[in-house]
Amino acid sequence: MVDDAGVLSRFGKPKPKGLDSSTPILKIRHFLMNIKIATISDLKSITEIYNQAIDEEFYTADLDHITVSDREKWFKQHSPHKYPIFVAENKFVAENKAENKNVITGWCSLSSHRPGRKALESVAEISFYIHKNFRRQGVGKQLIEYTLREAPKLGFKNLFALLIDLNNASINILKKYGFTQWGHLPEIADFNGKICGQFIYGKKL
Ligand SMILES: CC(C)(COP(=O)(O)OP(=O)(O)OC[C@H]1O[C@@H](n2cnc3c(N)ncnc32)[C@H](O)[C@@H]1OP(=O)(O)O)[C@@H](O)C(=O)NCCC(=O)NCCS
């Protein structure tokens, strides 16, 4: 069974997703969305968004929150000219206010696969995470489309994503962009007693 948030409910009732009651409802003005290379000042937002995915389970195999300083090494490994991290920055207009605000709503990275092995230089792993309050509004689509346009310019011929096999939202978005299942690693992940596998979804550019 697949719930509206896209996570198979094999393990009982999924955690609620969507807007926090504490978060004011904001309208995304898509025409004001900007995708740019992440800078170190975006790392706090990137980390917060990643930690949301950890809390939600089955979106990443990390189980414990990470800190901005934990993530600094990862950030430095992503040189903008070879392994970029792209962030989506949206300008928001509050429902009843004229006040504009720029918010990082998601990110998408290209990471090296087996760094240092020359024969694997034209393949990268794609990862993407959208702020939980701004999903289902096209941010993921725009980030992936942008990354797919940029990847060949960086010399990549193949992209793959690694995802927990219960992550239906990601499977759907990857299929939408022509990724197909290249592999399944069965029952390798243990989420505190809940065992599941990992898919490899890949695409030739
Ligand atoms: C997967 C994810 C990136 C989608 O981002 P998003 O901005 O919400 O997606 P979009 O609004 O652009 O939707 C794009 C498509 O994704 C699929 N999709 C997105 N959310 C979905 C859901 N909850 N259930 C099923 N399909 C979903 C649909 O095919 C959708 O196309 P449609 O709107 O035409 O139906 C987002 O849910 C997310 O950040 N998940 C947690 C992080 C994660 O799992 N990353 C993968 C590891 S690399």
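All of these numbers come straight from a predicted model, not from anything done at the bench. (Residues numbered from 1 in each chain as written. Predicted model: local features only at pLDDT ≥ 70, side-chain atom pairs only at ≥ 80, totals over all residues.)

1. With respect to the nonpolar core
Piece 1. Within the largest apolar cluster, 37 residues are counted, with the highest numbers of intra-cluster contacts made by Ile46, Phe86, Val87, Trp107, Cys108, Ile126 and Leu143.
Piece 2. Residue contributions to this core peak at five residues, all from strand 5 (residues 123-130).
Piece 3. Non-local contacts of isoleucine 126, meaning those with residues more than four positions away in its chain, are made with Cys108, Leu110, Thr147, Leu159 and Ala161. (Core = buried A, V, L, I, M, F, W, Y, C linked by C-beta atoms within 7 Å. Buried ≥ 20, exposed ≤ 12 C-beta atoms within 10 Å, placed from the backbone. Helix = DSSP H or I, 4+ residues; strand = E, 2+ residues; numbered from the N terminus. Contact = placed C-beta atoms within 7 Å.)

2. A word on the packing of helix 1 (residues 43-56) against helix 2 (residues 68-77)
Piece 1. Across the interface, helix 1 lies against helix 2 with an axial gap of 10 Å and an inter-helix angle of 105°. The angle between the axes of helix 1 and helix 2 places the two elements in the roughly perpendicular class. Where helix 1 approaches helix 2, its residues Leu43, Lys44 and Thr47 are matched on the opposing element by Val68, Arg71 and Phe75.
Piece 2. Considering only residue class, the contact of helix 1 with helix 2 consists of three nonpolar, one polar and two charged. (Axes fitted to C-alpha atoms, helices over the stretch in contact; angles between N-to-C directions. Parallel < 35°, antiparallel > 145°, perpendicular 65-115°, else oblique. Nonpolar A, V, L, I, M, F, W, Y, C, P; charged D, E, K, R; others polar.)

3. Topic: helix 3 (residues 139-150)
Piece 1. Along its 12 residues, helix 3 runs 17 Å from first to last C-alpha, staying within 8% of the 16 Å computed at 1.5 Å per residue.
Piece 2. Val139, Gly140, Leu143, Ile144 and Thr147 are the residues of helix 3 that are buried. For helix 3, the angular spread of the buried residues around the axis is 120°, confining them to a single face. (Expected span 1.5 Å × (residues − 1). Arc of directions from axis to C-beta.)

4. Section: the pairing of strand 5
Piece 1. Bridge analysis of strand 5 against strand 6 (residues 158-164) gives three bridges, and the strand direction is parallel. If you follow valine 123 over to strand 6, its bridge partner there is asparagine 158. (Pairing = 2+ DSSP bridges.)

5. As for helix 1
Piece 1. Along its 14 residues, helix 1 runs 20 Å from first to last C-alpha, staying within 8% of the 20 Å computed at 1.5 Å per residue.
Piece 2. Those residues of helix 1 that sit buried are Leu43, Ile46, Thr47 and Ile49. In an axial view of helix 1, the angular spread of the buried residues amounts to 165°, which keeps them on one side of the axis.

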